[in-house]
Amino acid sequence: MFQESHYDCLVIGGGFFGSILASELAGQGYRAVLCEKEDGLLQRASYANQARVHNGYHYPRSVLTALRSRVNFPRFTSEFQPAIVSDFRKLYAVPRRFSKVSARQFRLFMERIGAPISRATASEVKLFNSELIEDVFGVVEYAFDAVRLLAICEERLHRAGVEIQTRTRVESVHAAEGGLRVVCTSDGDHTEVHARRVLNCAYSQINELLDHSGLPMIRLKHELTELALIEPPPELRQAGVTVMCGPFFSCMPFPAKGLHTLSHVRYTPHATWQDGTGPYTNAHDWFAAAPRRSRFPHMIRDAARYLPCLGRSTHRESLWEVKTVLPQSEGDDSRPILFRRDHGVPGLTCILGGKIDNIYDAVAEFTVDAALP
Ligand SMILES: Cc1cc2nc3c(=O)[nH]c(=O)nc-3n(C[C@H](O)[C@H](O)[C@H](O)COP(=O)(O)OP(=O)(O)OC[C@H]3O[C@@H](n4cnc5c(N)ncnc54)[C@H](O)[C@@H]3O)c2cc1C
């Protein structure tokens, strides 16, 4: 049950973005409530992802995203330090064929954006198939532990005095005197509350709320993704490897489980669709109903051609989640944030962060967006 009938701010979605934005608002003195439809916070995309703290290397075709990552990296790793895992060696390898950048272009780009890069050691290079891999670099890129990130978010929300309503789905929002009327369901019961501002941080479900509220949809692209959770061979236990830039793969530590994720550009997305181009499809419902037949055998078969020792990995389980990106990111694989103020109705802001460290871009937009009336 909600503690109040009127709030300054109601935040939809208790992922990383909703949690941090709700605590920022409450920290500024606004009465804020955070609504999350799952049993707890950070259970969806903020948990089920590759756990990479981006530092620019992943975006050799988008100078803006690479530079923003460089700016956010030191901030994020210091502010969320208890959740940061840095005790592994990170390697980026560039294949001889089918890569959208050559090894030289990759190195020059990283030097230009000031991202530390050096040749991998001879023993590291030997791990790779030299017939397929042109060059291998050692870089500075970390991972985050999603369970520790959750603990930090919970502590902040608590300290800022945010009211948290889990198992509470926001169904729709409607213009009302002095703000918005928000319709929610909680354990089957319908409730209505009033908020002067509503932040829609529902990630892959942003359009679900807009659709139910009769508001214009935002063009978003969704992928039903599988990340294989593996025990890597001993050579890779203290390493992360990304093969760039094209239909290749990444093997990153996943600290929340003490395993590694294996993702493959070709096999990780099981299905892809876009909102705003036809009848609306609810990403989470679609995801829940979709068949989940692991593609780990395909991922490992291809990845082991480039990194033979990876073939000795053991598949433990898979993480399944909907990944949502802006369609305009397709061409250069960029990851800008989506920030739509007063979307369809005054007081409703829709925010989507393409990657975790984009939180700073979202907070900055929100600050510019200014305080409540
Ligand atoms: C496969 C994959 C790999 C990724 N890899 C990386 C990576 O390595 N590094 C990186 O920085 N980023 C990565 N990302 C992106 C990153 O996960 C997201 O940018 C980030 O988690 C988005 O946070 P969020 O809070 O917006 O979304 P979420 O964590 O999904 O939070 C949205 C929340 O809203 C809730 N919700 C939805 N609808 C409603 C409603 N109507 N009422 C109440 N609650 C609702 C959901 O249950 C969910 O908890 C990856 C994403 C995926 C899927």
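Fair warning: this is a prediction, and the values are worked out from it, not measured in the lab.

**Here's the deal with the site of the ligand**
Around the ligand lies a shell of 33 residues, among which Glu36, Ser46, Arg52, Gly353 and Ile356 are the nearest. Separating a nitrogen atom of the ligand from a backbone N or O atom of Gln50 is a distance of 3.2 Å. Backbone polar atom of Val170 to a nitrogen atom of the ligand: 2.9 Å apart, as the coordinates give it. Relative to its unbound accessible surface of 1,000 Å², the ligand loses 98% to contact with the protein. Listed by contribution, the elements that provide at least two residues to the shell around the ligand are helix H1 (16-27), strand E10 (168-176) and strand E18 (314-325). The leading source of residues in the shell around the ligand is E10, at 3 residues. Among the residues making up the shell around the ligand, the classes are represented as 13 nonpolar, 12 polar and 8 charged.

**Looking at the packing of aromatic side chains**
Tallied over the full model, the rule gives 13 aromatic pairs. With a centroid separation of 5.7 Å and 20 degrees between ring planes, the pair formed by Tyr92 and Phe106 is classed as stacked. Of the two residues, Tyr92 is situated in strand E5 (residues 89-95) and Phe106 in helix H3 (residues 103-112); the sequence distance between them amounts to 14 residues. The exposure class assigned to Phe106 is buried, which follows from its relative accessible area of 0%. Chaining the aromatic ring pairs together yields one cluster made of Phe16, Phe17, Phe76 and Phe80. The ring of Phe287 has Arg292 lying over it, and the distance from NZ or CZ to the ring centre is 4.2 Å.

**Some details on H1**
Residues that lie three or four places apart on an α-helix share one face, since the helix turns once every 3.6 residues. In this model H1 runs 16 Å from its N-terminal to its C-terminal C-alpha over 12 residues, within 8% of the 16 Å that 1.5 Å per residue would give. In terms of burial, H1 is largely enclosed, as 10 of its 12 residues are buried. By the burial criterion, the buried members of H1 are Phe16, Phe17, Gly18, Ser19, Ile20, Leu21, Ala22, Ser23, Leu25 and Ala26. Gly29 occupies a position one or two residues after H1 and carries a positive phi of about 100 degrees.

**Focus: the sheet that holds strand E8 (residues 142-144)**
The strand order across the open sheet built from 3 strands is E3-E8-E4, with neighbouring strands paired in antiparallel fashion. Of all the strands in the sheet, the pair left with one neighbour each is strand E3 (52-53) and strand E4 (84-85). As paired strands, E3 and E8 are joined by 2 bridges and run antiparallel to one another. Paired with Val53 across the bridge in E8 is Tyr142.

**Looking at the domain arrangement of the chain**
Assigned domains of the chain: these are domain 1 (1-51 + 145-218 + 331-373) and domain 2 (87-143 + 221-325). For domain 1 and domain 2, the distance between their C-alpha centres works out to 30 Å. The interface is formed by 22 residues belonging to domain 1 together with 27 residues belonging to domain 2. Overall, the association of domain 1 and domain 2 removes approximately 2,100 Å² of surface from exposure, summing both partners, and the carbon and sulfur fraction of that is 52%. Summed over the three residues of domain 1 that lose the most area to domain 2, namely Arg44, Gln50 and Ser204, the buried surface amounts to 29% of that side. Put simply, domain 1 and domain 2 have 1 salt bridge between them. Of the residues forming the side of domain 1 that touches domain 2, the biggest block, 3 residues, is contributed by helix H6 (residues 206-212).

**With respect to the side chain of Asn49**
When you line up the elements, Asn49 lands in the loop between strand E2 (32-35) and E3. Separated by 3.4 Å, the side chain of Asn49 and the backbone oxygen of Ser46 make a polar contact. A polar contact is formed between the side chain of Asn49 and the backbone nitrogen of Ala51, at a distance of 2.6 Å. What Asn49 contacts, discounting residues up to four positions off in sequence, is Phe144, Leu227, Phe254 and Thr261.

**Things to note about helix H2 (residues 63-79)**
For H2, with 17 residues, the first-to-last C-alpha span of 24 Å sits near the 24 Å given by 1.5 Å per residue. Largest kink in H2: about 35 degrees, centred on Asn72, with the proline Pro74 one to four residues after it. Listing the buried residues of H2 in full gives Thr65, Ala66, Ser69, Asn72, Phe73, Phe76 and Thr77.

So, how was this worked out
Every chain's residues receive numbers from 1 upward, in the order its sequence appears when written. In view of the model being predicted, local features appear only for residues whose pLDDT reaches at least 70, and side-chain atom pairs are presented and counted only at 80 or more, with totals across whole chains, interfaces and linings using the full set of residues. Based on all heavy atoms of the structure, the side-chain values leave hydrogens and waters out of the count. A molecule or strand has a residue near it when one of that residue's heavy atoms lies within 4 Å. Polar contacts, as counted here, are pairs of nitrogen or oxygen atoms within 3.5 Å of one another; within protein the pair requires one atom able to donate a hydrogen and one able to accept it, and residues that are adjacent in sequence qualify only if both atoms are side-chain atoms. Note on areas: Shrake-Rupley with a 1.4 Å probe; residue coverage comes only from the protein chains shown. In this text, helices come from DSSP runs of H or I with a minimum length of four residues, and strands from runs of E with a minimum of two, each type numbered from the N-terminal end. Each residue gets one label: Ala, Val, Leu, Ile, Met, Phe, Trp, Tyr, Cys and Pro are nonpolar, Asp, Glu, Lys and Arg are charged, and the others, such as Gly, are polar. In summary, the pairing rule links any two rings of Phe, Tyr or Trp, Trp by its six-membered ring, whose centres are within 6.5 Å, and it sorts them by plane angle into stacked for under 30 degrees, edge-to-face for over 60 and tilted for everything else. Each residue is placed in one exposure class: buried if its accessible area under a 1.4 Å probe, protein chains only, is under 20% of its type's maximum, exposed if it is over 50%, and partly exposed if it falls in between. Criterion for a charge above a ring: Lys NZ or Arg CZ within 6 Å of the ring centre, and within 35 degrees of the ring normal. By definition here, a helix of n residues has an expected span of 1.5 Å times n minus one. Pairing between strands is defined by DSSP: at least two bridges between them are needed. Domain start and end points were adopted from an automatic or database domain assignment. Residue contacts are defined here by distance: any two heavy atoms, one from each residue, within 4.5 Å place the two residues in contact. Buried area is understood as the total, over both parts, of accessible area removed when two parts are fitted together, assessed with a 1.4 Å probe. By salt bridge we mean one thing: a side-chain nitrogen of Lys or Arg within 4 Å of a carboxyl oxygen of Asp or Glu. Here the bend at a residue is taken as the angle between two axes, fitted respectively to the seven residues that end there and the seven that start there.

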